[in-house]
Amino acid sequence: MQTQLSFTNLAAIETELLAVLATDTQTAKGPDAKPQPVLLTSDEKVRAAAAAVLASGEYKAGSNETILLHAPAGLAAKRLLIVGLGKKAKATVHAVRNAAGTAVRYSKPRAIRELVFTLPEATTDLGLTLPPGASARAAAEGAFVGDFDPDTYRSERKDVSVHSFTLAARAGSEQAAIQTAFNEGSIIGESQNFARSLVNEPGNKLTPTVLGERAAQMASETGLKAEVFSTDKLHELKMGAFWSVSQGSEEPPALIVMKYEPEGVTDGPVLGLVGKGITFDTGGISIKPADNMEKMKYDMAGGAAMIGAMRAIALLKPKVRVIGIVCAAENMPDGKAQKPGDVQTAMSGKTIEIINTDAEGRLVLADGITYARSLGVTQLIDAATLTGACVVALGMINAGAFSNDDETIERFQTALTTSGEKFWRLPLGDEYYDQIRSDIGDIKNTGGRWGGAITAAEFLHAFAEDTPWIHLDIAGLAWIEDNKPFIAKGPSGVAVRSILEWVRSYAN
Ligand code: BES
Ligand code: MN
Ligand code: ZN
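- The chain appears in an unreviewed UniProt entry as Probable cytosol aminopeptidase from Telmatobacter sp. DSM 110680.
- Under the Subcellular location (unreviewed entry) heading, UniProt states for the chain: "Cytoplasm".
- Looking at the chain in UniProt, the text filed under Function (unreviewed entry) is "Presumably involved in the processing and regular turnover of intracellular proteins. Catalyzes the removal of unsubstituted N-terminal amino acids from various peptides."

Pasting the structure below:
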């Protein structure tokens, strides 16, 4: 998808589709409180073209609600699409991101390959906070996110891409800032889609080796250093936990290491991004039921999020060093597979009693975290589709976040206000750790039914130790079950934007 900015008069823009935003300014409640939709543009000709439909009461400017006018009077555009941001109180930058996705997803199935999206203005004194830079960035992100569809292997793809997305803004003093933000948003949206494209791949196409190749390819295109190691390196580093997961598969594991070292930055933080990259999770000998097992191709979404975030970091160039590590393996049952009761020695030297071979994510991450620390990282973040228990706790609305350090996670929570993603902090605690003490060794890989997301986090904590660390459990958000107006069902690319923003908070 091509993106560009236009600072010309809206009414004069020749396009297949001109999208403008609206919000409902009605604050009263009750049966007499009719919606009061207002367009977020000061362009008189656009306002005139939309006046009748807004007055009709047919259109409420609800969240992502659309209405289309053909041959709008007085405009050069062939179509005028009004996209709702919802009630005024909800008309935020995050609503603009979704509205841009909605405009793109409205266009795709109608074979509209080119559209112009109007940067919102708080025309009258609506009291909205829609800063032009942040809105431009969000619009670009949302447009790319909306453009992605998962049907890559369909012989006749129904919804081919929108070719051209133009953001139309008023000429003025903020032009340069809008341009910068829009370019950033495009990079971020593309990086999120890159992560989604990896997650979308089935397990037979995207093995650990192929994931390594894709990461290395991306790294060479964006100027990152990357190395992809396999079995020998795991043995050399004594990564007994990571290896134990891959030992039951014909597919060799991949330890993917991506380094971003900005010129002139020789001190300050070194951030470690560690992702779970299970390219398929059968459960191993503790095999999963057949129902929905096909979904377990997305068990590398944490790793894909790190690869997507590294891409954005490489292109946006924050002044902070970052190391991305993805622990990729396939979890299979086999004559050589590990068994419940086996004891493994992790890279850190800790011995792990395997209770359930389906709790494999924490095993690969344990060694990934130890490896990151051995490379000298000062702050760590991991992302993983780690537990069904996290989905039980938070549903598919919030992902889980855990941390051993308030300052570190507060930065992440601040990053969320920019990314618009939802993560909810859950507790850690010694009492939870007690659930994973082993009788035969140091630690067990499962802690029983209760608090399963937390005992999994405590397992990782035992390897992060006192390095400031955040754990993101994205099991409930990495895959979207139903189509939404602004995003297709399938891989979401969750965490890419938030991790990027967290990284940027350390840039000097
Ligand atoms: N990959 C799964 C977790 C998962 C579940 C991700 C549902 C996405 C959707 C993970 O490897 C797993 O199997 N976890 C087990 C842990 C249990 C054996 C302690 C789980 O959550 O059931
Ligand atoms: Mn599993
Ligand atoms: Zn898993």
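### Here's the deal with the sheet that holds strand E12 (residues 343–345)
Right, so step 1: The strand order E12-E13-E17 describes an open sheet built from three strands, whose pairing is mixed. The outermost strands of the open sheet, each flanked by one partner alone, are E12 and strand E17 (443–444).
Right, so step 2: The pairing of strand E13 (residues 351–353) with E17 spans two bridges and is classified as parallel. When the bridges of E17 are listed, Ile352 appears paired with Ile443.

### Structural notes on the sheet that holds strand E18 (residues 469–473)
Right, so step 1: In spatial order, the strands read E8-E9-E11-E10-E14-E18-E15-E16; together these eight strands make up an open sheet with mixed pairing. Because the sheet does not close on itself, it has two edges, and the strands there are strand E8 (225–229) and strand E16 (423–425). Taken over all neighbouring pairs, the strand axes of this sheet differ in orientation by 20° on average, direction set aside.
Right, so step 2: In this sheet, E18 lies alongside strand E14 (residues 379–384) in parallel orientation, the contact comprising five bridges. Within the sheet, the bridge partner assigned to Leu380 lies in E18 and is Trp469.
Right, so step 3: Sheet contacts for helix H9 (residues 361–374): E8, strand E9 (254–260), strand E10 (270–281), strand E11 (321–331), E14 and E18; angle to E10, the most-contacted strand, approximately 155°.

### Focus: the UniProt feature "domain: Cytosol aminopeptidase" (unreviewed entry) in the chain
Right, so step 1: UniProt tags residues 356–363 as "domain: Cytosol aminopeptidase" (unreviewed entry).
Right, so step 2: End-to-end, the C-alpha atoms of residues 356–363 are 11 Å apart, and along that stretch the chain is 38% helix and 0% strand.

### A short note on the site of ligand 1
Right, so step 1: Taken together, the neighbourhood of ligand 1 is formed by 16 residues, with Lys288, Asp299, Asp358, Glu360 and Gly388 sitting nearest.
Right, so step 2: Here an oxygen atom of ligand 1 and a side-chain polar atom of Lys288 are 2.8 Å apart.
Right, so step 3: In this structure, Gly388 approaches ligand 1 through a main-chain N or O atom, which is 2.7 Å from an oxygen atom.
Right, so step 4: In isolation ligand 1 offers 520 Å² of accessible surface; the protein chains occlude 77% of this area.

### Description of the domain arrangement of the chain
Right, so step 1: The assigned domain composition of the chain is domain 1 (2–189) and domain 2 (203–504).
Right, so step 2: Listed per partner, the contact involves 18 residues of domain 1 and 21 residues of domain 2.
Right, so step 3: In total, about 1600 Å² of surface goes out of reach between domain 1 and domain 2, with carbon and sulfur atoms giving 61% of it.
Right, so step 4: For the domain 1 face of the interface with domain 2, the top three residues by lost area are Arg137, Ile187 and Ile188, together amounting to 31%.
Right, so step 5: Our count for the contact surface shared by domain 1 and domain 2 stands at three salt bridges.
Right, so step 6: Measuring nitrogen to oxygen at the nearest pair gives 2.8 Å for the salt bridge that ties Glu501 to Arg137.
Right, so step 7: The interface formed by domain 1 and domain 2 contains five residue pairs in polar contact (both at pLDDT 80 or more).

### A closer look at the packing of helix H8 (residues 301–316) against helix H14 (residues 496–504)
Right, so step 1: Running from amino to carboxyl end, H8 crosses H14 at an angle of 45°, the nearest separation of the two axes being 9 Å. One way to sum up the angle between H8 and H14 is to call them oblique. For the crossing formed where H8 meets H14, the hand is right-handed. Along its contact with H8, which presents Ala305, Met306, Gly308, Ala309, Ala312, Ile313 and Leu316, the element H14 presents Val496, Ile499, Leu500, Val503 and Arg504.

### Thoughts on the UniProt feature "binding site: Mn(2+) 2" (unreviewed entry) in the chain
Right, so step 1: UniProt tags Lys276, Asp281, Asp299 and Glu360 as "binding site: Mn(2+) 2" (unreviewed entry). Taken along the chain, the residues just named run across 85 residues; in space they keep tight, none of their C-alpha pairs more than 11.3 Å apart.
Right, so step 2: One can find Asp281 in strand E10.
Right, so step 3: Once residues within four sequence positions are removed from consideration, Asp281 is found in contact with Lys288, Met293, Met296, Asp299, Asn331, Asp358 and Glu360.
Right, so step 4: Within polar-contact distance, the side chain of Asp281 engages the backbone nitrogen of Gly283 at 2.8 Å.

### Considering the coordination of the zinc ion (ligand 3)
By definition of the ideal shapes, a tetrahedral metal site with four donors has angles of 109.5 degrees and an octahedral site with six donors has angles of 90 or 180 degrees.
Right, so step 1: For the zinc ion (ligand 3), the full set of protein donor atoms is Lys276 (NZ), Asp281 (OD), Asp299 (OD) and Glu360 (OE), and the range of their distances to it is 2.0 to 2.4 Å.
Right, so step 2: Coordination at the zinc ion (ligand 3) is octahedral: its six donor atoms span angles of 78 to 175° at the metal.
Right, so step 3: Mapped onto the sequence, the donors of the zinc ion (ligand 3) take the spacing K-x4-D-x17-D-x60-E.
Right, so step 4: Between the zinc ion (ligand 3) and the manganese ion (ligand 2) the interatomic distance amounts to 3.1 Å, and Asp281 serves as a bridging ligand to the pair. Pair noted here: Lys276 is in strand E10 and Glu360 is in the loop between E13 and H9, with a separation of 84 residues, a long-range link. Each member of the pair, Lys276 together with Glu360, is buried.

### Things to note about the environment of Asp442
Right, so step 1: For Asp442, the location among the structural elements is in the loop between helix H12 (430–433) and E17.
Right, so step 2: For the pair Asp442 and Val343, spaced 99 residues apart in sequence, the C-alpha separation works out to 9.7 Å.
Right, so step 3: Ignoring any residue separated from it by four or fewer positions in sequence, one finds Asp442 in contact with Gly349, Lys350, Thr351, Tyr433, Ile436 and Arg437.
Right, so step 4: At a separation of 2.8 Å, a polar atom in the side chain of Asp442 contacts the main-chain amide nitrogen of Thr351.

Cut-off values and rules
Residues numbered from 1 in each chain as written. Chains lettered and ligands numbered in written order. Predicted model: local features only at pLDDT ≥ 70, side-chain atom pairs only at ≥ 80, totals over all residues. Heavy atoms only, no water. UniProt positions renumbered as here; feature names shortened; annotations may be inferred. Pairing = 2+ DSSP bridges. Helix = DSSP H or I, 4+ residues; strand = E, 2+ residues; numbered from the N terminus. Axes fitted to C-alpha atoms, helices over the stretch in contact; angles between N-to-C directions. Contact = heavy atoms within 4.5 Å. Near = heavy atom within 4 Å. Polar contact = N/O pair within 3.5 Å; in protein donor to acceptor, adjacent residues only side chain to side chain. Areas by Shrake-Rupley, 256 points an atom, 1.4 Å probe, with all protein chains shown as cover. Domains from an automatic or database assignment. Buried area = accessible area lost by both parts, 1.4 Å probe. Salt bridge = Lys/Arg side-chain N within 4 Å of Asp/Glu carboxyl O. Parallel < 35°, antiparallel > 145°, perpendicular 65-115°, else oblique. Left-handed = near helix turned anticlockwise from the far one by under 90°. Donors = N, O, S within 2.8 Å, 3.2 Å for Na, K, Ca; no water. Tetrahedral: all angles 85-135°; square planar, octahedral: opposite > 155°, others 65-115°. Buried < 20%, exposed > 50% of the residue type's maximum accessible area, 1.4 Å probe, protein only.

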